[in-house]
Amino acid sequence: MEVIDLKKDLKHLYNSTKKAPAILEVPKMKYLMFDGKGHPNEPDFQIAAEAIYTVSYLLKFEIARKRCNIDYKVMPMEVIWNLSREDKISFFWTMMIMQPFFITDEMFSEAIELSIKKGKKIAHERLRFEEYEEGLCVQAFHSGDYNKMNDTLARMKSFAEENDFEHEIDTHDIYLNDVRKTKTENLKTIMRIRVWKKSKK
């Protein structure tokens, strides 16, 4: 059986521990995606996680391994955050898991059908499988408490501005370990914001 190591192949994107912000290009990749709203402690976030992980593991075990004779580790959860501050802070987000290059639309549809046949009570109708190209970004590694991620984000924004880039408000976080099983001080997160060169006036 062929074994692929996506984290190793994409080390600079998914296995970096560089705390200093850096500019990098994120290529087009395939993702399972789930749009939701609300704080991570609210039900919709858990609904999304159950759906996206269930189908990711069905793709791995039932389709990639059995049909394609390929094995790989399921990639970490990623979340693109969009915070609205019109009244009070509201959370809107897209949860994602990157999929190997050989996964197709047909395989995704089959995994959804398998989840239904197996009686998995997940919100499969809210899942989608899409290519997403993030492009030019500032990326940095954050270690420890999620509540201190704004400090890392501030450094990333300052770095972008110092290097003559404008940046999005939305942030993209990649959670490298399971918050339920990890001590706060050991949490590991890769953070990204999209950037573009400032236009010359």
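The notes below deal with the structure included here. If you're wondering where the values come from, they're calculated on a predicted model, not measured in any experiment.

## Regarding the side chain of E134
1) Next: With respect to the element layout, E134 can be found in strand β6 (residues 127–143).
2) Next: In terms of polar contacts, E134 uses its side chain to reach the side chain of R192, at 3.0 Å.
3) Next: In this structure E134 touches V26, P27, H172, R192 and R194, once residues within four positions along its chain are discounted.

## Comments concerning helix α3 (residues 43–65)
Two residues of an α-helix separated by three or four positions point the same way, owing to the 3.6 residues in each turn.
1) Next: For α3, which comprises 23 residues, the first-to-last C-alpha distance of 32 Å matches the rise-based estimate of 33 Å (1.5 Å per residue) to within 8%.
2) Next: Along α3, the largest kink reaches about 30° and is centred on L59.

## Thoughts on the environment of V3
1) Next: In this structure, V3 sits in strand β1 (residues 2–3).
2) Next: Remark: the alpha-carbon pair of V3 and I169, spanning 166 residues in sequence, is separated by 38 Å.

## Notes on helix α5 (residues 149–162)
1) Next: With 14 residues, α5 should reach 20 Å at 1.5 Å per residue; the first-to-last C-alpha distance of 20 Å fits that figure.
2) Next: Within α5, the full set of buried residues consists of M149, T152, L153, M156 and A160. Buried residues along α5 cover an arc of 100° about the axis, so they all sit on one side. Among the exposed residues of α5, those pointing more than 90 degrees away from its buried face are N150 and E162.
3) Next: Contacts from the buried residues of α5 go to β6, β7 (165–167), β8 (171–175) and β9 (188–197).
4) Next: Two residues or fewer past α5, D164 is found with a positive phi of approximately 70°.

Rules used in this analysis
Residues numbered from 1 in each chain as written. Predicted model: local features only at pLDDT ≥ 70, side-chain atom pairs only at ≥ 80, totals over all residues. Heavy atoms only, no water. Helix = DSSP H or I, 4+ residues; strand = E, 2+ residues; numbered from the N terminus. Polar contact = N/O pair within 3.5 Å; in protein donor to acceptor, adjacent residues only side chain to side chain. Contact = heavy atoms within 4.5 Å. Expected span 1.5 Å × (residues − 1). Bend = angle between axes of the 7 residues up to and from the residue. Buried < 20%, exposed > 50% of the residue type's maximum accessible area, 1.4 Å probe, protein only. Arc of directions from axis to C-beta.

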